[in-house]
Amino acid sequence: MDAAPVVLEMKGVTKTFGPVTANDDISLTLKRGEILGLLGENGAGKSTLMKILYGLYSPDKGSISIEGEEVRIKDPKDAVSRGVGMVHQHFTLIPRLTVAENIVLGAEPTKGGRVDMAKAMKDTEELCERYGLRVDPRSRVADLSVGVRQRVEILKALYRNARILVLDEPTAVLTPQETEDLFSVLKELVGDGLSIILITHKLGELRGVSDNITIIRDGKVVATVKTSETDEGELAKLMVGREVLLRVSKEESEIGGVRLSATDLVVKGSAGSVAVHGVSLEVKAGEILGIAGVDGNGQTELAEALAGTRPVESGVVLLDGGDVTKVGANGRQGRGLAYVPEDRGSKGLVQDFSLSENNALKTYEKAPFSSRFGWIFPKAMRRSAAENLRAYDVRPPDPDARAGSLSGGNQQKAVLARELSGDPGVIVASQPTRGVDVGAIEFIHGQLLKQRAEGKAILLISLELEEVRSLSDRVIVLYNGRISGEVGPDATDEQLGLLMAGRGMDEEA
Amino acid sequence: MSEESREPRDEGGSAFGKFLRGVGGALVFPLIAIFIAFVIGALLVLASGNNPVAAYISLVQGAVGDPTAIGRTLLNATPLVFTGLAVAVAFRAGLFNIGGEGQVFIGAITAAWLAVSVGFLGLAAIPIVLLACVLTGFMWGAIPGFLKARFGAHEVITTIMLNFIAINLATYFALGPLRSEGIVPGTETIEAATRIPAIGLGLGRVNYGLAVALLAALVIYLLLWRTKLGFRIRAVGLSPGAANYAGMRIGTNTVLALAIGGAMAGLGGGVEVLGVYGKMSIPFVSNLGFNGIGVALLGRNHPVGVVLGALLFGGLASGAQEMQFATDVPLDLSDVLLAVILLLVTATKLVELIIGKRARALASGTRLDEGLGNQ
């Protein structure tokens, strides 16, 4: 393996954005037939590095060599022509078109000036056969599952003769089984002479698939290790820079009565189709009910319906025994419901508001922030914000700082500070640690467990199985807007994976 | 001094420093834009075979050279404060109010009709009439707000359409039911006792409408930054998603923001009729509403900025008259200057090219797409 020729070498790549150094003297090498894991926390600089490779950014310093030849990559088109293919986290497929149409889009085979669809079909079929990827070129992308769509993305890159394939967080949208499938595809591809860079922030994932792992922290390469000679503990330490508790230690808590319940909840998604089909659940005092599932299976709509920011088609929501189905977000909050939305960027915070205004976003109508006559008191807002920001370790703890200027972790802590400071009885937390650094994750988990110990009822929605399992007392799996099953926190990947793919143990829903 | 410098972290001092930095930051960018515009203007004057130095001297003299010039500038600026506010309030809610023009006409016809009807009250009629203008402007502005909140009709389209309706409606009343016997087509002339009195001080026709304009700017400032309603409007404008999440009603705030904008422009129309013209003659003053868009952009949608922007617009307009009189440079140069200034203030990328990236951060508040992107 070590004798294989180097296909990509990045040397001393540096990229700064204003005062921020996103990539600081980063070097890495990729050999033919190698799968290289690129591991780092959110914001460590992985994506920036890959965007440089794909020609979306130009580096301030450093060089890139492909197949031994030093290159300057001007734009993505240039990157593609040099054999670099990229599979983005968010797919770039057109749902209305067929697989073949999507694959040839922008590089269509032509015959006499017209698109030669027959050849496109044939090419696609050949491609699928050669790499053993089972996809029907004639089916419409809209009808395909996420896992298959991702395969189409890979085929798209292969059609353009990619020799170096970069996958950006490819498993974020997949069930554990689909992830397995993807990895076996990747192994076939490298067997065929391709080289792959796999970007991830999940530690466990790289084992059994990558040959080497390059770890990036704060824009610098901290180490490159052989996958076979390392373990998760070491990787976590390299990634974060200190010892990390991988599993949260959870104490027994006293479980009380039901505080939040939903019965036969039907909720429509933003596109108008039904996203939640008759979900019933109960969250008791002192417990964390985890909701697992692949992204887009109704979690967002369920959370919003419970929090009151999305109308319910039918069904009943009870908060501490009272019917709040027709009560808005404001009213539910007044009755002790806190809601941490999954999207702090466009929901949890007004990015261009100061932290003090954000801190009062839900309570600005109450004393001491405002008077009966409609006036608000910025000074009171600032004082209360300063207190909250300190208590929840938001950095900087400056009430006048613009929310958008904070890092993801600190933004999330600011949301948490606002939501939890009002001493709520029920907490709906939707992906509370999405895009947050490990330090902040530990803090947020700690806060949730503290609330649980205080007898709050917590509904935790997360795409990270590990998070759901380590925090929850019970786990419900959502598939296509229905509950496909309930398991304990000790459920295996396989059990959860089957439920996440809709193959429930009991299809009573 | 030495005592203060020993405690530079004193709370009041740092807050004041922050304030100064904020003001400085807000002003730097428009000032650079104005400077570049004048350089470009000078080149144009030069190209047309005139002396730019002489042209600019007469321009400045015509704007602020003597009390009469200052009076002209202030008189020009007064209605633009109102129409600028009309755009700025809506913009703070993420809405683009192109309807200022029509709203001015609605306020003007309201004033022209009511001031004659309640003229017997004398001076006491003025606040009543102006309040009525606020009310009709408010209702007229609420229409596009309602159409947007209820049916999703884009406010840019509806406010433009409503301009035509408002202008023709006002014209119909002025030439129809309310027409006077006089030679000039339009409504009856309002009694002198019911007009907004002039300030005097050698400032020509400048009247207390200017005070009303400054008061309106103060009211809008307090509304936006010191009231619950303002908090909601700004939250809705900056992030509809977060506002909805926090339980604020997007639709209600959309209607209110556009309606308050309409009220401002309506008040502006009323002040013009009561303070300057004494009647609504046809054709009525035009482009106040549209120039208000430029004023708001230049003023970064802040009430203080709107006042300053209106002064610049007013000053350029009155200065250009003097310039045309004194030199061979045509009046239109002031339009060119305004156009270039607005172009530079809105096209931040262009200025970035000219003066570098550091200054661009200062301009982040002026980009149009910030308001329009959230629709």
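Colleague: Can you help me understand the overall build of chain B in this one?
Modeller: When its secondary structure is counted, chain B shows 16 helices and zero strands. The burial tally for chain B puts 51% of its 375 residues in the buried class. Expressed as a percentage of contacts within chain B between residues at least 6 apart in sequence, the contacts between residues at least 24 apart total 76%.

Colleague: Sorry, what's going on with the overall build of chain A here?
Modeller: From N to C terminus, chain A includes 16 helices and 22 strands. Computed over C-alpha atoms, the radius of gyration of chain A comes to 25 Å, within 12% of the 23 Å expected from 2.2 N^0.38 for 509 residues, which places it in the range of a compact globule. Structurally, chain A occupies a C-alpha span of about 70 × 50 × 50 Å along its principal axes. Counting all 509 residues of chain A, 46% fall into the buried class. Long-range contacts, defined as pairs at least 24 residues apart, comprise 67% of the intrachain contacts of chain A with a sequence gap of at least 6.

Colleague: Explain helix 1 (residues 46–53) of chain A to me, please; I cannot follow it from the model alone.
Modeller: The α-helix advances 3.6 residues per turn, and as a result positions three or four apart in sequence lie on the same side. Residue and element names in this part refer to chain A. Of all eight residues in helix 1, seven are buried, a share of seventy percent or more. For helix 1, the full list of buried residues reads Lys46, Ser47, Thr48, Leu49, Met50, Ile52 and Leu53. Phi turns positive one or two residues past the end of helix 1, at Gly55, with a value near 80°.

Colleague: Is there a simple way to think about the interface of chain A and chain B in this case?
Modeller: For an interface, size is often stated in terms of accessible area lost upon the parts coming together. Contacts between the two partners involve 22 residues from chain A, matched on the other side by 14 residues from chain B. Of all the secondary structure elements, the ones that give two or more residues to the side of chain A that touches chain B are helix 9 (329–334) and helix 10 (344–348) of chain A. Here the residues of the side of chain A that touches chain B are counted per class, giving nine nonpolar, nine polar and four charged.

Colleague: Just checking my understanding: could you explain the nonpolar core for this structure?
Modeller: When a protein is soluble and globular, its nonpolar side chains tend to lie buried together. In terms of nonpolar packing, the biggest core is built from 190 residues, with Leu459(A), Leu460(A), Val81(B), Leu85(B) and Ala235(B) touching the most fellow members. It is helix 4 (residues 67–92) of chain B that contributes the most residues to this core, 15 residues altogether. Filtering out sequence-adjacent residues up to four positions away, Val81(B) remains in contact with Ala213(B), Ala216(B), Ala217(B), Val306(B), Val307(B) and Ala310(B). Of all hydrophobic cores here, the second largest spans 63 residues; its members include Met10(A), Ile35(A), Ile154(A) and Phe183(A).

Colleague: Even after reading the chapter, I still don't get the pairing of strand 1 (residues 6–17) of chain A, so can you show me in this structure?
Modeller: Side chains on a regular strand alternate between the two faces of the sheet. Residue and element names in this part refer to chain A. Across eight bridges, strand 1 lies against strand 2 (residues 20–31) in antiparallel orientation. Bridge pairing in strand 2 links Val6 to Lys31. Taking the residues between adjacent antiparallel strands as the criterion, strand 1 and strand 2 are bridged by two residues, where Gly18 takes a positive phi near 60°. Here five bridges tie strand 1 to strand 4 (residues 61–66), and the two strands are oriented antiparallel to one another. Bridge pairing in strand 4 links Glu9 to Ser65.

Colleague: Is there a simple way to explain unusual backbone geometry in this structure?
Modeller: When glycine is set aside, most residues are seen to have a negative phi, and most peptide bonds are trans. The amide bond that connects Ala367(A) to the next residue, Pro368(A), takes the cis arrangement and shows omega of 0°. Secondary-structure assignment places Pro368(A) in the loop between helix 11 (355–359) and helix 12 (378–391). Pro283(B) follows Ile282(B) through a cis peptide bond whose omega is 0°. Along the chain, Pro283(B) falls in the loop between helix 11 (250–277) and helix 12 (288–298). In this model, Glu67(A) sits at a positive phi of 55°, which is unusual for a non-glycine residue. Secondary-structure assignment places Glu67(A) in the loop between strand 4 and strand 5 (69–71). In the Ramachandran plot, Asn480(A) falls in the positive-phi region, its phi being about 55° despite a non-glycine side chain. Residue position: Asn480(A) is located in the loop between strand 21 (474–479) and strand 22 (482–487). Look at Asn480(A) and you get partly exposed, because 16 C-beta atoms sit within 10 Å.

Colleague: Please clarify how the sheet that holds strand 2 of chain A should be interpreted in this entry.
Modeller: Across a sheet, paired strands are connected by hydrogen bonds in the backbone, their directions being either parallel or antiparallel. Residues and elements named next belong to chain A. With respect to topology, four strands assemble into an open sheet ordered 2-1-4-5, the strand pairing being antiparallel. Every other strand in the sheet has two partners, leaving strand 2 and strand 5 as the edge strands with one partner each. On average, each strand axis in the sheet is tilted by 25° relative to the strand beside it, whichever way the strands run. Packing of helix 1 onto the sheet brings it into contact with strand 1, strand 2 and strand 4, and relative to strand 1 it is tilted by some 115°.

Colleague: What is the right way to read the sheet that holds strand 13 (residues 258–268) of chain A from this model?
Modeller: Residues and elements named next belong to chain A. Reading across the sheet, the four strands line up as 14-13-16-17 and stay open at both edges, with antiparallel pairing between neighbours. The outermost strands of the open sheet, each flanked by one partner alone, are strand 14 (274–284) and strand 17 (322–323). In this sheet, strand 16 (residues 314–319) lies alongside strand 13 in antiparallel orientation, the contact comprising five bridges. Counterpart to Thr263 in the pairing with strand 16 is Val316. Of the strands in this sheet, strand 13, strand 14 and strand 16 are in contact with helix 8 (residues 299–307), which crosses strand 13 at around 120°.

Colleague: What should I look at first to understand the packing of helix 8 (residues 209–226) of chain B against helix 11 of chain B in this one?
Modeller: Two quantities define a packed helix pair, namely the angle between the helix axes and the distance between the axes. Residue and element names in this part refer to chain B. Two numbers describe how helix 8 lies on helix 11: the axes approach to 10 Å, and their chain directions differ by 170°. With respect to their mutual orientation, helix 8 and helix 11 come out roughly antiparallel. On the side of helix 8, the interface is formed by Gly209, Val212 and Ala216, while helix 11 contributes Met264, Leu267, Val271 and Gly275. Among the residues making up the contact of helix 8 with helix 11, the classes are represented as five nonpolar, two polar and no charged.

Colleague: Teacher, can you tell me more about the packing of helix 8 of chain B against helix 13 (residues 303–326) of chain B here?
Modeller: All names here are of chain B. Contact geometry for helix 8 and helix 13: axes closest at 8 Å, N-to-C directions at 155°. Here helix 8 is positioned roughly antiparallel relative to helix 13, judged by the angle of their axes. Seen from helix 8, the contacting residues are Leu214, Ala217, Ile220 and Tyr221; seen from helix 13, they are Pro303, Val306 and Val307. Looking at the contact of helix 8 with helix 13, its residues break down into seven nonpolar, no polar and no charged.

Colleague: Where do I start with helix 13 (residues 408–421) of chain A in this structure?
Modeller: Residue and element names in this part refer to chain A. Along its 14 residues, helix 13 runs 20 Å from first to last C-alpha, staying within 8% of the 20 Å computed at 1.5 Å per residue. For helix 13, the tally of buried residues reaches 12 of 14 residues, placing the bulk of the element in the interior. Among the residues making up helix 13, those that are buried are Gly409, Asn410, Gln411, Gln412, Lys413, Ala414, Val415, Leu416, Ala417, Arg418, Glu419 and Leu420. Against the buried residues of helix 13 lie strand 18 (337–340), helix 10, helix 11, helix 12 and helix 14 (438–453). Of the residues flanking the end of helix 13, it is Asp423, one or two places downstream, whose phi is positive at about 50°.

What counts, and where the lines are drawn
- The numbering scheme is per chain: residues are counted from 1 as the chain's sequence reads.
- For this description, chains carry letters from A and ligands carry numbers from 1, given in the order in which they are written.
- Predicted model: local features are reported for residues with pLDDT of at least 70 only, side-chain atom pairs are reported and counted for 80 or more only, and whole-chain, interface and lining totals are derived from all residues.
- Numbering of helices and strands runs from the N terminus; a helix is a DSSP stretch of H or I covering at least four residues, while a strand is a stretch of E covering at least two.
- Here a residue counts as buried when 20 or more other C-beta atoms sit within 10 Å of its C-beta, as exposed when there are 12 or fewer, and as partly exposed otherwise, the C-beta atoms being derived from the backbone.
- Here contacts are defined at the residue level, using C-beta atoms placed from the backbone and a cut-off of 7 Å between them.
- The quantity called the radius of gyration is restricted to C-alpha atoms. Its globule counterpart is 2.2 Å times the number of residues to the power 0.38.
- Throughout this entry, Asp, Glu, Lys and Arg are counted as charged residues, while Ala, Val, Leu, Ile, Met, Phe, Trp, Tyr, Cys and Pro are counted as nonpolar. The remaining residues, Gly among them, count as polar.
- A set of buried Ala, Val, Leu, Ile, Met, Phe, Trp, Tyr and Cys residues, joined to one another through C-beta atoms within 7 Å, is what we call a nonpolar core.
- What makes two strands pair is DSSP finding at least two bridges between them.
- Here an axis means a line fitted to C-alpha atoms, over the contact stretch when the element is a helix, while the angle between two N-to-C directions is reported on a 0 to 180 degree scale.
- Any angle between 65 and 115 degrees counts as roughly perpendicular, while under 35 counts as roughly parallel, over 145 as roughly antiparallel, and the rest as oblique.
- Take the number of residues in a helix, subtract one, and multiply by 1.5 Å to get its expected span.

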